[in-house]
Amino acid sequence: MSNTKTVVVTGAGSGIGRTIAQVLAERGWQVVVSDINVEAAAATVGTLAVAHNQRHESAELDVTDPIAAATVADSIADRLGLDAWVSNAGISFMQKFLEVSVEQFDKTLAINLKGVFVCGQAAARAMARTGVAGTIVNTASMAGKQGKVPYLSDYVASKFGVIGLTQAMAFELAEHGIRVNSVCPGYVATPMQARELSWEAELRGTSPEAVRAMWVDDTPLARLEEPEDVAKVVAFLLSDDAAFMTGEALAINGGAYMD
Ligand SMILES: NC(=O)c1ccc[n+]([C@@H]2O[C@H](COP(=O)([O-])OP(=O)(O)OC[C@H]3O[C@@H](n4cnc5c(N)ncnc54)[C@H](O)[C@@H]3O)[C@@H](O)[C@H]2O)c1
């Protein structure tokens, strides 16, 4: 096995996950780009910076599937060494609380929260088995710290769960030297955000442009967040600069929510 460190990023076929993969590759990480959409994952691999010692690859992974997650984690641990795992995959769907179906609630919780459990367990088991003091980062949200978020009750519940689960994982995995933290982005310009702009505009009876302006207005640093804003903080959390940080939920939101 080489000295190059290897990281698996979930949901890395789009948006924030794709940019996390790009920033980590630029910083010397060998990246396993995973997504439920394997074509999108392969497309991300094609955008990654490659130095002589990096061999990036893609992997099809539905984060709700424990057998698939264990297969990816074990295969990477045995072939390349598993140094880090970023559980970034997530979905959102906007609906008034009174209209949210139980099926929608279950689906959001399955991908956003159970997926973090399933992947975190697979990654930590592989790291512990191979004696690697690795790092895990989970993508929560500023909607994981406050419920004053319109039309996203199932999502809010899932992201509060991610922050709690991150703390519990950090507490129990410390004895293996594994650090676990979460990031809490704000209004990030991605395909997910484009969908939310249309939904929120429809639910409020206004235009997507008006909703975008509201979001910028809600952000003291006065712009929408870029995926790079999140990816650079993930890179920091995976680095030795964050060697004594575990169980944290780092806000990256331009001041839209301060706690
Ligand atoms: N965009 C924002 O404003 C924002 C804000 C806070 C947090 N987040 C979180 O950041 C993460 C990434 O969001 P994004 O905006 O890049 O979304 P996105 O929709 O652009 O990308 C999400 C990716 O996850 C993949 N995915 C969906 N279900 C999956 C599954 N079951 N298994 C594996 N992959 C799956 C999709 O195929 C897609 O490639 C999510 O966890 C999201 O909740 C986003």
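Above this text is the structure in question.
Quick notes on the rules
- The residue count restarts for each chain, going from 1 along the sequence in the order it is written.
- Since the coordinates come from a predicted model, pLDDT governs what is reported: local features require at least 70, and pairs of side-chain atoms require 80 or more to be given and counted, while whole-chain, interface and lining totals use all residues.
- Helix and strand assignments follow DSSP, with helices taken as H or I runs no shorter than four residues and strands as E runs no shorter than two, numbered in order from the N terminus.
- By this rule the span expected of a helix is its residue count minus one, scaled by 1.5 Å.
- With C-beta atoms placed from the backbone, a residue counts as buried when 20 or more other C-beta atoms lie within 10 Å of its own, as exposed when 12 or fewer do, and as partly exposed for counts between those limits.
- To be clear, the arc concerns the directions from the helix axis to the C-beta atoms.
- This entry defines residue contacts through backbone-placed C-beta atoms, with two residues in contact when those atoms are within 7 Å.
- For helices, the fitted line uses only the C-alpha atoms of the stretch in contact; every axis is such a line through C-alpha atoms, and the angle between N-to-C directions lies from 0 to 180 degrees.
- Geometric relationships in this document are graded by angle, where less than 35 degrees denotes roughly parallel, more than 145 denotes roughly antiparallel, 65 to 115 denotes roughly perpendicular, and other angles denote oblique.
- By definition, any crossing whose near helix is turned counterclockwise from its far helix by less than a right angle is left-handed, and any crossing with a clockwise turn is right-handed.
- Throughout, the ten residues Ala, Val, Leu, Ile, Met, Phe, Trp, Tyr, Cys and Pro are labelled nonpolar, Asp, Glu, Lys and Arg are labelled charged, and all others, Gly among them, are labelled polar.
- Each nonpolar core comprises buried Ala, Val, Leu, Ile, Met, Phe, Trp, Tyr and Cys residues, the members being joined through C-beta atoms within 7 Å.
- For each residue, a C-beta atom is placed from the backbone, and the residue is labelled near a molecule or strand when this atom is within 6 Å of it.
- Pairing between strands is defined by DSSP: at least two bridges between them are needed.
- When the strands point away from the viewer, a crossover counts as right-handed if the path from the first strand over the helix to the second runs clockwise.

Draft legend 1. Quick look at helix H6 (residues 191-204). Taking 1.5 Å of rise per residue, the 14 residues of H6 would be expected to cover 20 Å, and the 20 Å separating its terminal C-alpha atoms lies within 8% of that figure. Within the span of H6, buried status applies to Glu 196, Leu 197 and Glu 200. In an axial view of H6, the angular spread of the buried residues amounts to 110°, which keeps them on one side of the axis. Every exposed residue of H6 that faces more than 90 degrees away from the buried side is listed here: Pro 191 and Ala 194. Those residues of H6 that are buried are in contact with helix H7 (208-217). A positive phi of about 70° marks Gly 205, the residue just after H6.

Draft legend 2. The packing of helix H3 (residues 66-79) against helix H4 (residues 102-130), seen in detail. In the contact formed by H3 and H4, the axes pass within 9 Å of each other and the chain directions differ by 30°. With respect to H4, the element H3 is oriented roughly parallel. At the point where H3 passes H4, the crossing takes the right-handed sense. On H4, the residues that touch Pro 66, Ala 69, Ala 70, Ala 73, Asp 74 and Ala 77 of H3 are Val 118, Cys 119, Ala 122, Ala 123, Ala 126, Arg 129 and Thr 130. Split by residue class, the contact of H3 with H4 holds ten nonpolar, one polar and two charged.

Draft legend 3. Focus on the nonpolar core. Within the largest apolar cluster, 71 residues are counted, with the highest numbers of intra-cluster contacts made by Val 7, Ile 20, Val 31, Leu 82, Ala 123 and Val 234. With eleven residues, H4 is the single largest residue contributor to this core. Ignoring sequence-local partners within four residues, the contact set of Ile 20 consists of Val 9, Ala 12, Val 86, Asn 88, Ala 231 and Val 234.

Draft legend 4. Seen up close, the site of the ligand. Around the ligand, the surrounding shell holds 30 residues, and the nearest of these are Gly 11, Gly 15, Gly 90, Thr 190 and Met 192. Of all the secondary structure elements, the ones that give two or more residues to the shell around the ligand are helix H1 (15-26) and H6. Taken together, the residues of the shell around the ligand break down into 13 nonpolar, 15 polar and two charged.

Draft legend 5. Examining the sheet that holds strand E3 (residues 57-60) more closely. The strand order across the open sheet formed by seven strands is E3-E2-E1-E4-E5-E6-E7, and the pairing between neighbours is parallel. A single partner strand is all that each edge strand has here, and the edge strands are E3 and strand E7 (249-252). Within this sheet the neighbouring strands show an average axis-to-axis angle of 20°, counted without direction. Summarising the sheet, strand E1 (residues 6-9) and strand E4 (residues 84-87) pair through three bridges and their orientation is parallel. Paired with Val 8 across the strands is Trp 85, a residue of E4.

Draft legend 6. Just the pairing of strand E2 (residues 30-35), in detail. With respect to burial, E2 is a largely interior element, six of its six residues being buried. Residues of E2 alternate between two faces, with Gln 30, Val 32 and Ser 34 on one and Val 31, Val 33 and Asp 35 on the opposite face, all of them buried. Here E1 runs beside E2; their pairing, made up of four bridges, is parallel. Note on E2: the bridge partner recorded for Val 7 is Val 31. In this sheet, E3 lies alongside E2 in parallel orientation, the contact comprising four bridges. Bridge pairing in E3 links Ser 34 to Ala 59. Assessed by its sense of winding, the connection that carries the chain from E2 through helix H2 (residues 38-45) to E3 is right-handed.

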